[in-house]
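# Notes for the structure review
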Amino acid sequence: MTTANYTSQILAAYEGEVAGAAYFDALTPSFPEKSAFLERCTALERATASQLSALVRKYQLLPRSQATLEERGALDARMESSRGWGDLMRQSVTSYAQYIGQFKALETLGPAEDQAVLAALTAHEVQLIEWMRAETAS
């Protein structure tokens, strides 16, 4: 993998986490009874974005603006808000699983000094899926 490909994946992951935080936050009005769950998801996405920001700075990457990424997340939430909670959680578990594979592949390609951040990226996705599975079981 080229450095440009590696860094483009870092940038995409960072932008995805920023948009993801906005997504979970924007779902709250549609699912107010799940606000505590959504707040945990938002916090996890923000924490992961914060960790990734170290790599964004290290590689001098230029993410899209915070406002643009937040708009993307809010738009995604609006498109999902008409679904039922259980359906949303089941579909999310399925679709988020692909990210685990992508993030594990990124871990194998990253240099040793990036490993802690890359492992946290993968671990956060595993955590989100575990939380969502628990939501579908309740």
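Keep in mind the model is a prediction, meaning the values are calculated, not measured. (Residues numbered from 1 in each chain as written. Predicted model: local features only at pLDDT ≥ 70, side-chain atom pairs only at ≥ 80, totals over all residues. Heavy atoms only, no water.)

### What about the packing of aromatic side chains?
One pass over the full model with this rule turns up 6 aromatic pairs. Taking the centre distance of 5.1 Å and the plane angle of 70° together, the rings of Tyr-23 and Phe-24 count as edge-to-face. Of the residues examined, Phe-24 reaches a relative accessible area of 2% and is grouped as buried. Connected via pairs of aromatic rings, a cluster forms that spans Phe-31, Phe-37 and Trp-85. In this structure, Arg-40 is placed above the aromatic ring of Trp-131, and the distance from its NZ or CZ to the ring centre is 4.5 Å. (Phe/Tyr/Trp six-rings, centres within 6.5 Å; stacked < 30°, edge-to-face > 60°. Buried < 20%, exposed > 50% of the residue type's maximum accessible area, 1.4 Å probe, protein only. Lys NZ or Arg CZ within 6 Å of the ring centre and 35° of its normal.)

### Some points on the packing of helix 1 (residues 3-27) against helix 5 (residues 115-137)
Where helix 1 contacts helix 5, the axes come no closer than 12 Å and their chain directions differ by 35°. Like other packed secondary-structure pairs, helix 1 and helix 5 cross with a definite hand, here left-handed. Between helix 1 and helix 5, the residues in contact are Tyr-6, Ile-10, Ala-13, Glu-17 and Phe-24 and Leu-118, Leu-121, His-124, Glu-125, Leu-128 and Met-132, respectively. Among the residues forming the contact of helix 1 with helix 5, the class breakdown is 8 nonpolar, 1 polar and 2 charged. (Axes fitted to C-alpha atoms, helices over the stretch in contact; angles between N-to-C directions. Helix = DSSP H or I, 4+ residues; strand = E, 2+ residues; numbered from the N terminus. Left-handed = near helix turned anticlockwise from the far one by under 90°. Contact = heavy atoms within 4.5 Å. Nonpolar A, V, L, I, M, F, W, Y, C, P; charged D, E, K, R; others polar.)

### So, the pattern of salt bridges
Any two side chains of opposite charge can pair, on the condition that their charged atoms come close. Counting across every chain of the model gives 6 salt bridges. Salt-bridge contacts for Glu-135 lead to Lys-34; the nearest nitrogen and oxygen are separated by 3.1 Å. With Glu-135 in helix 5 and Lys-34 in the loop between helix 1 and helix 2 (35-58), the pair connects residues that are 101 residues apart, well separated along the chain. Given the relative accessible area of 16%, Glu-135 is considered buried. Two residues, Lys-58 and Asp-114, come together in a salt bridge whose shortest N-O distance is 2.6 Å. With Lys-58 in helix 2 and Asp-114 in the loop between helix 4 (85-109) and helix 5, the pair connects residues that are 56 residues apart, well separated along the chain. Judged by its relative accessible area of 38%, Lys-58 is partly exposed. Taken together, the shared-partner salt bridges in this structure form one network comprising Lys-58, Glu-113 and Asp-114. (Salt bridge = Lys/Arg side-chain N within 4 Å of Asp/Glu carboxyl O.)

### Observations regarding the packing of helix 1 against helix 2
It is the contact of helix 1 with helix 2, at a shortest axis distance of 8 Å, that shows an interaxial angle of 160°. Relative to helix 2, the element helix 1 lies roughly antiparallel. Crossing angle aside, the handedness with which helix 1 passes helix 2 is left-handed. Counting all contacts with helix 1, which are made through Ile-10, Ala-13, Tyr-14, Gly-16, Glu-17, Val-18, Gly-20, Ala-21, Phe-24, Asp-25 and Leu-27, the residues of helix 2 involved are Leu-38, Cys-41, Thr-42, Glu-45, Arg-46, Thr-48, Ala-49, Leu-52, Ser-53, Leu-55 and Val-56. (Parallel < 35°, antiparallel > 145°, perpendicular 65-115°, else oblique.)

### Some details on a negative patch on the surface
A cluster of acidic residues, Asp-25, Glu-39, Glu-70 and Glu-71, forms a negative patch at the surface. Residue placement: Glu-39 occurs in helix 2. (Patch = residues over 30% accessible without salt bridge, like charges linked within 9 Å, V, L, I, M, F, W, Y side chains within 5 Å. Areas by Shrake-Rupley, 256 points an atom, 1.4 Å probe, with all protein chains shown as cover. Lys, Arg positive; Asp, Glu negative; His and termini not counted. Charge placed at Lys NZ, Arg CZ, Asp CG, Glu CD.)

### What about the confidence of the model for the chain?
Confidence in the prediction for the chain averages 95 pLDDT; 99% of positions are at 70 or higher. The spread of mean pLDDT over the elements of the chain runs between helix 4, the lowest at 95, and helix 2, the highest at 98. (pLDDT = per-residue confidence, 0-100.)

### Re the environment of Gln-60
Along the chain, the position of Gln-60 falls in the loop between helix 2 and helix 3 (66-80). Along the sequence, Gln-60 and Ser-95 sit 35 residues apart, while their C-alpha atoms lie 30 Å from each other.

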